[in-house]
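Inside the fold
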Number of protein chains: 2
Amino acid sequence: MTVAGGSVRVGVIRVLTTDDPEVLGAHGRILEAAFPGMRALSRCIADQPLGIFDEASERLAVPKVVALAAEMASEVDGLVITCAADPGLTEVRRAVGVPVVGAGSSGAAVAAALGERVAVLGLEGSVPRPIREILGRRLLGFYPARGMRTACDLFSGPGRAAVLEAARQAVRDGADVMLFGCCGLSSMGMAGVLRAEFGLPVVDPVVAAGAMLWEAMRSWRGSLC
Amino acid sequence: MTVAGGSVRVGVIRVLTTDDPEVLGAHGRILEAAFPGMRALSRCIADQPLGIFDEASERLAVPKVVALAAEMASEVDGLVITCAADPGLTEVRRAVGVPVVGAGSSGAAVAAALGERVAVLGLEGSVPRPIREILGRRLLGFYPARGMRTACDLFSGPGRAAVLEAARQAVRDGADVMLFGCCGLSSMGMAGVLRAEFGLPVVDPVVAAGAMLWEAMRSWRGSLC
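The structure displayed is predicted, hence computed values, not measured ones.

A closer look at the relation of the copies chain B and chain A
Turning chain B through 180° and shifting it by 0.0 Å along the axis lays it on chain A, with an RMSD of 0.0 Å. The two molecules are tied by a two-fold rotation axis, judged by turn and shift. By C-alpha distance to the rotation axis, the residue of chain B lying nearest is B:Ala109, at 2.1 Å. With an isologous cut-off of 70% or more, the 100% of interface residues of chain B that recur at the interface of chain A puts this contact in the isologous class.

Structure follows, in structure tokens:
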């Protein structure tokens, strides 16, 4: 599984279409910073410049995610789908021979292990399905950033203030952990900001997915026990 | 949070009473092997030589776990309760000022992020509550090791064969991940055995708890961002 230098190659599937290498590589850089043994290869699906923000955009993305995963699988040791809705996760697992994790289920999993009143911060809309399922009774509530419909809105001027305001309400309601229900918050580097501001554990789903992939690669077919 | 040598001190709360340092340190050694930056301090609750194996033994353990955690908290950077039932987890979190994780919720969390048909292997009885809650529809089924009522039974001659037989049935039923619903299986080193035998990801809840504690310490009050 290891390559020269002892690092593992992680394929990062972005669901936000971009030709800007800085934007494309945002999640890969987060993974490389959090896990010094990882080297990220980032690619994005086509024709979704606003990413995934509702059921229709998720349905549209699934076959593209599966096709991209199939293309990347031979070049990497594991794949991460960095979207909180885990689009195509089940289908990709059936299609490729490397471990695959999604940011939604991974983030929810870490949050469920760290607390009992988890506040999900995200875009306007609803809590992504894998997060709702895994948190169950641990879901304190959903705290959307007012006026933010897509990840692109988040990156605009008022995005940061809207996230901070949502987080403030979560803390007032008694949250013991915060979790991002949108990976746009990861790209913005909000985890460090919120930890410093509120003194609570904040789960970045991209980092959580990296941790889960690390576990998966360790336990995958006994290849790295 | 770090101590001399850059390591973090993790308090391991064992719910199996023992005065054998080898037995006492079994989970601590697993953590130290999986996370080179961790140094484990292991202690056990009193008067439960058979550990936790049903609701009555769990209820009996909770106040002892809380008292032990309160004693250990000033000496460590984080605490792990290495029992799949997470006995006293909620109460300990309220009582101490360091991050606390339980093996049950941590193991279930990792399994939920790694697969969709999770087989829980364990003692005769039922699936521990935190595992049932977090897995939800991802729980394929419960595969108890026949005739094994307590962790001590597991360590006996027929324990290993009984676990292997349960795992075999799980694979026949289509499991895509195996999870230990009893940390006695961790002490026995069954994760490596099962991975080699069946070629599936096998989640050791003690290792999963270590990973979650690592995350928790990273995100705790912004102390190690």
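Alright, that's what it looks like, and here's the rest.
Overview of the pairing of strand β5 (residues 118-122) of chain A
Residues and elements named next belong to chain A. Most of β5 sits inside the fold, with 5 of its 5 residues counted as buried. Of the two faces of β5, the one lined by Val118, Val120 and Gly122 and the one lined by Ala119 and Leu121 are each fully buried. Pairing geometry for β5 and strand β6 (residues 139-144), over 5 bridges, is parallel. Residue pairing across strands places Val118 opposite Leu139, the latter belonging to β6. Crossover connection from β5 via helix α6 (residues 129-135) to parallel β6: handedness right-handed. Where β5 lies against strand β7 (residues 177-180), 4 bridges are found, and the strand directions are parallel. If you follow Val120 over to β7, its bridge partner there is Leu179.

Digging into helix α3 (residues 55-72) of chain A
Residues and elements named next belong to chain A. Under the 1.5 Å per step criterion, the end-to-end length of α3 is 25 Å for 18 residues, consistent within 8% with the ideal 26 Å. Considering only its buried residues, α3 is in contact with β1 (8-14), β2 (38-44), β3 (78-81) and α4 (89-95). A side-chain oxygen of the first residue of α3 lies 3.3 Å from the backbone nitrogen of Ala56; this N-cap is Asp54.

Thresholds applied
- Residues numbered from 1 in each chain as written.
- Chains lettered and ligands numbered in written order.
- Predicted model: local features only at pLDDT ≥ 70, side-chain atom pairs only at ≥ 80, totals over all residues.
- Heavy atoms only, no water.
- Least-squares fit on C-alpha atoms with pLDDT ≥ 70 in both.
- Contact = heavy atoms within 4.5 Å.
- Buried < 20%, exposed > 50% of the residue type's maximum accessible area, 1.4 Å probe, protein only.
- Helix = DSSP H or I, 4+ residues; strand = E, 2+ residues; numbered from the N terminus.
- Pairing = 2+ DSSP bridges.
- Right-handed = clockwise from strand over helix to strand, strands pointing away.
- Expected span 1.5 Å × (residues − 1).
- Polar contact = N/O pair within 3.5 Å; in protein donor to acceptor, adjacent residues only side chain to side chain.

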